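Below are the chains, spelled out letter by letter.
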Amino acid sequence: TSTMTDSVSFTVEGNPEALSRPTIGRGAKGSNKVWLRDPCKVKKQLFCDAVRAQILPGGVDSQQEAIIFDDTAIVVDIEFYIKAPKNHFINNDRGLGRLKPDSTAKWPKKPDIDNLDKFVLDSLQGFLFQNDSQVVKQTIRKVYHHQSPFGGQTKVFIRRAIAGDFAS
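What counts, and at which threshold
Residues numbered from 1 in each chain as written. Predicted model: local features only at pLDDT ≥ 70, side-chain atom pairs only at ≥ 80, totals over all residues. Heavy atoms only, no water. Helix = DSSP H or I, 4+ residues; strand = E, 2+ residues; numbered from the N terminus. Expected span 1.5 Å × (residues − 1). Buried < 20%, exposed > 50% of the residue type's maximum accessible area, 1.4 Å probe, protein only. Contact = heavy atoms within 4.5 Å. Pairing = 2+ DSSP bridges. Axes fitted to C-alpha atoms, helices over the stretch in contact; angles between N-to-C directions. Right-handed = clockwise from strand over helix to strand, strands pointing away.

Asks: How should I be thinking about helix α2 (residues 113-124) in this particular structure?
Replies: With 12 residues, α2 extends 17 Å between its outermost C-alpha atoms, agreeing within 8% with the 16 Å of an ideal straight helix rising 1.5 Å per residue. Among the residues making up α2, those that are buried are Leu116, Asp117, Phe119, Val120, Leu121, Ser123 and Leu124. Where the residues of α2 are buried, they touch β1 (7-13), α1 (41-55), β4 (74-83), β5 (135-145) and β6 (153-160). Where α2 ends, the next residue or the one after it, glycine 126, has phi of about 85°, a positive value.

Asks: Looking at this structure, how should I read the sheet that holds β5?
Replies: Sheet strands line up and pair through hydrogen bonds in the backbone, either parallel or antiparallel. Spatial strand order, β1-β6-β4-β5: 4 strands in an open sheet with mixed pairing. The outermost strands of the open sheet, each flanked by one partner alone, are β1 and β5. Here the strands of the sheet are splayed against their neighbours by 10° on average, with no regard to which way each runs. Where β1 meets β6, 7 bridges bridge the pair, whose relative direction is antiparallel. From the neighbouring strand, serine 7 faces β6, where its bridge partner is arginine 159. Against the sheet, α1 makes contact with β1 and β6, and its axis sits at roughly 125° relative to β1, the strand it touches most. Together, β1, β4, β5 and β6 form the strand contacts of α2, whose direction differs from that of β5 by roughly 120°.

Asks: Would you take a moment to explain the pairing of β5 for this structure?
Replies: Side-chain positions along a regular strand alternate between the two faces of the sheet. With 10 bridges connecting them, β4 and β5 associate as parallel partners. Within β5, the position partnered with isoleucine 82 by the bridge is tyrosine 144. Each parallel crossover has a hand, and for β4 linked through α2 to β5 it is right-handed.

Below, the structure is given as structure tokens:
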């Protein structure tokens, strides 16, 4: 059975992942076989499992159907906290009180924010919502993770859309 709620939020620890392009291959010479491989398949499953562990009673092993936002418009807010490079810290030592004052003015150039976003939406599709086409409004933010433990994280908030979210 589906869980009925108006919103869900969670945080996945670890440096955010970006979606990689699928690779295309061909069968042996003379074969017409063509295959498509998703290089992020395992990472997307691990991300989804981390979310499942947080929001479902029974966690990863829960027998509960996970789709919460079934055939409804949704609003998604995602904050990506990219692992801060060692050069943001005094003597390249990540630790409390070691952050250089000018580091907070720096912004992460890679990975691209749209690839980070697509990774999250693809990971959650079929789990929290049926299809990412349900998203009618979204905010995305990408910054360096300048708070202990400095390892990066992804914060997600999803809610049912209201008429004002998609009215013109």
